[in-house]
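What follows is the residue order along each chain.
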Amino acid sequence: SVGMVAIVFVPSVKNRIVNTIEDLRAVTHKEDLNDKSFGQRWEAWGAIIHAGKKTPLFGVGQCNIENAMQKSFDELKSDLDAENRITPHNQYLQWFIEIGLIGLVLWIVAISITILTARKWEIPIFVFAIAFAIVSISRPVLIMCGSSDM
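To keep things clear, this report deals only with the structure shown in the data block.

Reading guide: rules and limits
- Residues numbered from 1 in each chain as written.
- Predicted model: local features only at pLDDT ≥ 70, side-chain atom pairs only at ≥ 80, totals over all residues.
- Heavy atoms only, no water.
- Helix = DSSP H or I, 4+ residues; strand = E, 2+ residues; numbered from the N terminus.
- Contact = heavy atoms within 4.5 Å.
- Areas by Shrake-Rupley, 256 points an atom, 1.4 Å probe, with all protein chains shown as cover.
- Salt bridge = Lys/Arg side-chain N within 4 Å of Asp/Glu carboxyl O.
- Buried < 20%, exposed > 50% of the residue type's maximum accessible area, 1.4 Å probe, protein only.
- Core = buried A, V, L, I, M, F, W, Y, C linked by side-chain atoms within 4.5 Å.

## With respect to the overall build of the protein chain
Here's step 1: On a plain count of helices and strands, the protein chain comes out with six helices and zero strands.
Here's step 2: Starting at the N terminus, the α and β elements of the protein chain follow one another as α-α-α-α-α-α.
Here's step 3: A sequence separation of at least 24 residues applies to 60% of the contacts in the protein chain between residues at least 6 apart.
Here's step 4: When the accessible surface of the protein chain is split by element, carbon and sulfur atoms take 66% of a total near 10400 Å².

Below, the structure is given as structure tokens:
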């Protein structure tokens, strides 16, 4: 299979798998996660779920994610250094903390309707994928957070 060939002959794929296994071991053995990419994501997932439990229905809003995450890292007594306290790198968890369960469900319904409509109109799925990627990338740019002194 192509996947097995890639694991054996493509160094970057092999390194990614080895690093992920090492990171999983560090997570399960409660080791220092500061130099572990997946370990940092694991901590971020825990922090975002912890924060989301406080505002499960409507989320904290896009402009409050950073504060909510940092507060959760502190409340969970994370050993990560400040520069390693990353965002979740998971779009569904990101939406959960931003817009809550209600917004997440509405977003998933909207995506599902769009996919079904695209299939009905026989629009190639890659067109939908490109449009979805553009919306996902540009959405944070369209919402400005910060002071009102601009």
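There's more to say after this.
## Re the pattern of salt bridges
Here's step 1: A full pass over the atoms with the stated rule returns three salt bridges.
Here's step 2: Of the charged contacts in the structure, one is a salt bridge between Glu-31 and Arg-25, with a shortest N-O distance of 2.6 Å.
Here's step 3: Here Asp-74 and Arg-85 are joined by a salt bridge, their closest N and O atoms 2.7 Å apart. A residue pair is termed long-range when its members are at least 10 positions apart, and Asp-74 in helix 4 (residues 65–75) and Arg-85 in the loop between helix 4 and helix 5 (91–120) qualify at 11 residues.
Here's step 4: According to the relative accessible area criterion, Asp-74 is partly exposed, its value standing at 49%.

## A closer look at the nonpolar core
Here's step 1: Met-69, Phe-73 and Ile-97 are the most contacted members of the largest nonpolar core, which has 17 residues in total.
Here's step 2: Residue assignment for this core shows that the elements contributing at least two residues are helix 2 (11–28), helix 3 (37–52), helix 4 and helix 5.
Here's step 3: Element by element, the count of residues in this core is highest for helix 3, at five residues.
Here's step 4: Beyond its immediate stretch of four places on either side in the chain, Met-69 contacts Ala-44, Ala-47, Ile-48, Ile-86, Thr-87 and Pro-88.
Here's step 5: Grouped together as the second largest cluster of nonpolar side chains are five residues, Phe-96, Leu-104, Ile-111 and Phe-128 included.

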